[in-house]
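Per-entry structural report
Each chain, written out:
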There are 2 protein chains.
Amino acid sequence: MKIAVDAMSGDNAPEEIVKGCIKALKTTTATLVLVGDEKSIKTELDKYDYDKTKVEIVHTTEEITMNDAPVAAIRSKKDSSMVVGLNLVKKKEVDGFVCAGNTGALLAGGTLIVGRIKGVERAALPVLIPTKRGYTLLIDCGANMDSKPSYLHQFAHIGMIYMKEFMGVQSPKVGLINVGAEEEKGNELTKETFKLLRNDKKVRFIGNVEARDIPNGKADVLVCDAFVGNVILKFMEGFGTWVFGMLKFEFKRNLKTKLSYLLMKDGIGRIKNKFYYEDKGGAPLLGVKGIVLKTHGNAKEAEICSTILQAQGFVENDLINKITARFEQTK
Amino acid sequence: MKIAVDAMSGDNAPEEIVKGCIKALKTTTATLVLVGDEKSIKTELDKYDYDKTKVEIVHTTEEITMNDAPVAAIRSKKDSSMVVGLNLVKKKEVDGFVCAGNTGALLAGGTLIVGRIKGVERAALPVLIPTKRGYTLLIDCGANMDSKPSYLHQFAHIGMIYMKEFMGVQSPKVGLINVGAEEEKGNELTKETFKLLRNDKKVRFIGNVEARDIPNGKADVLVCDAFVGNVILKFMEGFGTWVFGMLKFEFKRNLKTKLSYLLMKDGIGRIKNKFYYEDKGGAPLLGVKGIVLKTHGNAKEAEICSTILQAQGFVENDLINKITARFEQTK
């Protein structure tokens, strides 16, 4: 098994990317293919002891930056680490590709270079979010800003496969993010999507889920368009940071509260661990004919490592073929 | 000044509605017009001592329930407390109307009965949300599920008036909720809205605001369609409840953590007060030719009272004429 890693992508490249690869090499059975400027990569690699037989470098001369226009960048920067990495997936020279770079470009490249699975109208970027009961897959969180009901219907199927195969949920429940519980609530997109989901016997549809009920974790898969998914994901991040910031401020207020913190340290740690879970890997672009994983732009060692191991898990579980088979069935 | 209150609306009618009116009577100079079943209202009123010259009852025989289809209910239940209350506003027999009932019906009734201000394409339901710096007005949070760019542009103006007149922000900053900071990010709605806001010299537009930055409070007015606004509002509620629930659980874990809570009680109280602010009143339906305020369906005494006082403030500040004047200017 070979997994390619975009060594030039994200805010902390190549240092943290290489560091994450070195960490992953300690457990993974896969060979890692580092894509990027050979000299920079070697300089970083030389800092560590590692099994040299499990590392390859594919030299590239260009980089896609966070400010590049996605489609234009994919088309013009043919020798960028991202385009080369995606081509390695397409040609099946590697089994998966991990990238911390420009999300829009990776999504465009995933579709333009790797290509969509037959029957899938749009690939989606799902993210696992923490809930009271564990984790719920929020799909889509970034790929399709103006979705159609049929896209969301397909995301439900893709999400069900993900939760079954990788989270061990035998019969995943699907909910639709909406502004009210009743069928007639919502915008045009959700009203139509509701009908598609309700009428599909292969979907265990639990109906609309209001945003206030997301943390209850009643659905294993929550379907929404990428605008809404992105807003939820980022608001959770910003709101959580604010609340923990206020807590920190109050705990630091005086001697009494500092003592209080010492007594509650473990409990605060447990709560924080629910939200800061860099060991949970990245977000896969699902619906394309290969394994492409996006990590945060600011990902460091731990997240790069966990995303590489996640890619390995997807390969071992034969994810792409399972999605392909589902869309052949539903035709 | 007269303010009508729908005594039959919401989960706690008429008990808590009447209780809230009694509380408001202690400070308000307005006469309160309780709309609903006379006998039930009198039974509740009889429990209290109050200035009987400041209370009127308008008897009605019907109720619009939470399950009624909005437009149909407004059209068919002519003698419902909601329809009668809205007609009192229309005929200028009262200066404002407070209602805890079916949101969709109140929105429909606001437009169908009270009518939109000339130049306003759609009325909006804004809500003040807490931020690090105070409060930001999120507009729209419930009225227009499928918005057009021109609606959002108008919401910016309505929101600016609100923040200037009622929150004392002299030159309110307007942001657009979006999935990225750059102009080209977003869906069709936000891309077009961005242009309208940027090109309007009367709007102090600070650009796109990602959901993770909402708590930073950099914008005084945050514009979005009602689906997104509703998701943010409800997710904040659900997520906040969860986090505080986890804190409570951890504080109750053992003797050590119980002691910790005692030492941090004030600090936790301060944090909670940021989020649970029932004294902040309800959400006004802005853009119609009268003052119509929606409170939570589960509103109790305190919220009913604060919403009545809020309505009084709107009347005193001549809100409707200020919005009307703005839309005459911008023509």
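First things first, this report covers the structure right here in the doc. For every chain, the first residue of the written sequence is number 1, and numbering continues from 1 onward in sequence order. Think of it this way: whatever chain is written first is A, whatever ligand is written first is 1, and the rest follow in order. Residue-level local features of this predicted model are given only where pLDDT is at least 70; pairs of side-chain atoms are given and counted only at 80 or more, and the full residue set underlies all totals for whole chains, interfaces and linings. In computing side-chain properties, one takes all heavy atoms of the structure into account and sets aside hydrogens as well as water.

1. Considerations on the relation of the copies chain B and chain A
For clarity, the threshold we go by: We superpose the copies by least squares over the C-alpha atoms of residues that have a pLDDT of at least 70 in both of them. Throughout, a contact is declared for two residues whenever any of their heavy atoms are within 4.5 Å.
Turning chain B through 180° and shifting it by 0.0 Å along the axis lays it on chain A, with an RMSD of 0.0 Å. Both copies of the chain, as the preceding transformation shows, are related through a two-fold rotation axis. Closest to the rotation axis within chain B is the C-alpha of serine 260 of chain B, separated from it by 2.1 Å. A shared interface surface links the copies, since 100% of the contact residues of chain B are contact residues in chain A too.

2. Describing the side chain of threonine 131 of chain A
The following threshold applies: The helix and strand labels rest on DSSP assignments: H or I over at least four residues marks a helix, E over at least two residues marks a strand, and numbering proceeds from the N terminus. Per-residue accessibility, obtained with a 1.4 Å probe over protein chains only, is compared with the maximum for each type, and a residue is labelled buried under 20%, exposed over 50%, and partly exposed between these values.
In this fold, threonine 131 of chain A is placed in strand E5 (residues 127-131). Residue classification places threonine 131 of chain A among the buried positions, given a relative accessible area of 1%. Those residues in contact with threonine 131 of chain A, other than ones at most four positions away along the chain, are Thr136, Ile214, Pro215, Gly217 and Lys274 of chain A together with Trp242 of chain B.

3. With respect to the sheet that holds strand E10 (residues 283-284) of chain B
Counted only if it meets this: If DSSP finds at least two bridges between two strands, the strands pair.
Read across the sheet, six strands follow the order E3-E2-E1-E4-E11-E10 (chain B) without closing on themselves; strand pairing throughout is mixed. Every interior strand has two partners, whereas the edge strands, strand E3 (55-59) and E10 of chain B, have only one.

4. Notes on empty space enclosed by the protein
Where empty space is left can be seen by rolling a probe of water-molecule size over the atoms. The following threshold applies: Put simply, the grid is 1 Å and covers the protein atoms alone, a cavity is a trapped set of points that fit a 1.4 Å probe, a pocket is an open set with protein on both sides within 12 Å along at least five of seven lines, and lining residues have an atom within 4 Å of a point. Grid points are joined across faces, edges and corners, and a volume is the space filled by probe spheres set on the points. We call Asp, Glu, Lys and Arg charged. Ala, Val, Leu, Ile, Met, Phe, Trp, Tyr, Cys and Pro are nonpolar, and the rest, Gly among them, are polar.
Applying the stated rule across the entire model yields one cavity of 30 Å³ or more. Considering only enclosed or pocket space, the largest cavity measures out at about 50 Å³ in volume. Lining the largest cavity, in full, are Phe227 of chain A together with Leu152, Leu176, Ile177, Asn187, Leu189, Thr190, Val223, Cys224, Asp225 and Val228 of chain B. Considered class by class, the residues forming the lining of the largest cavity number eight nonpolar, two polar and one charged.

5. Some thoughts on the interface of chain B and chain A
Many analyses report the size of an interface as the accessible area lost when the parts associate. Rules: Buried surface area refers to the total accessible area, computed with a probe of radius 1.4 Å, that the two partners give up upon joining, counted for both partners together. For this analysis, a salt bridge means a side-chain nitrogen from Lys or Arg found within 4 Å of a carboxyl oxygen belonging to Asp or Glu. Polar contacts, as used here, are pairs of N or O atoms within 3.5 Å; protein pairs need one atom able to donate a hydrogen and one able to accept it. Residues neighboring in sequence count only if both atoms are side-chain atoms.
Taken together, the contact pairs 48 residues of chain B with 48 residues of chain A. Three residues, Phe227, Phe235 and Trp242 of chain B, lead the burial of chain B against chain A; their summed loss comes to 16% of the area buried on that side. Where chain B meets chain A, there are six salt bridges. Here glutamate 210 of chain A and lysine 234 of chain B are joined by a salt bridge, their closest N and O atoms 2.4 Å apart. Along the contact surface separating chain B from chain A lie 13 residue pairs in polar contact (both at pLDDT 80 or more). The element best represented in the side of chain B that touches chain A is helix H8 (residues 226-251) of chain B, accounting for 18 residues. Grouping the amino acids of the side of chain B that touches chain A by side-chain chemistry returns 25 nonpolar, eleven polar and twelve charged.

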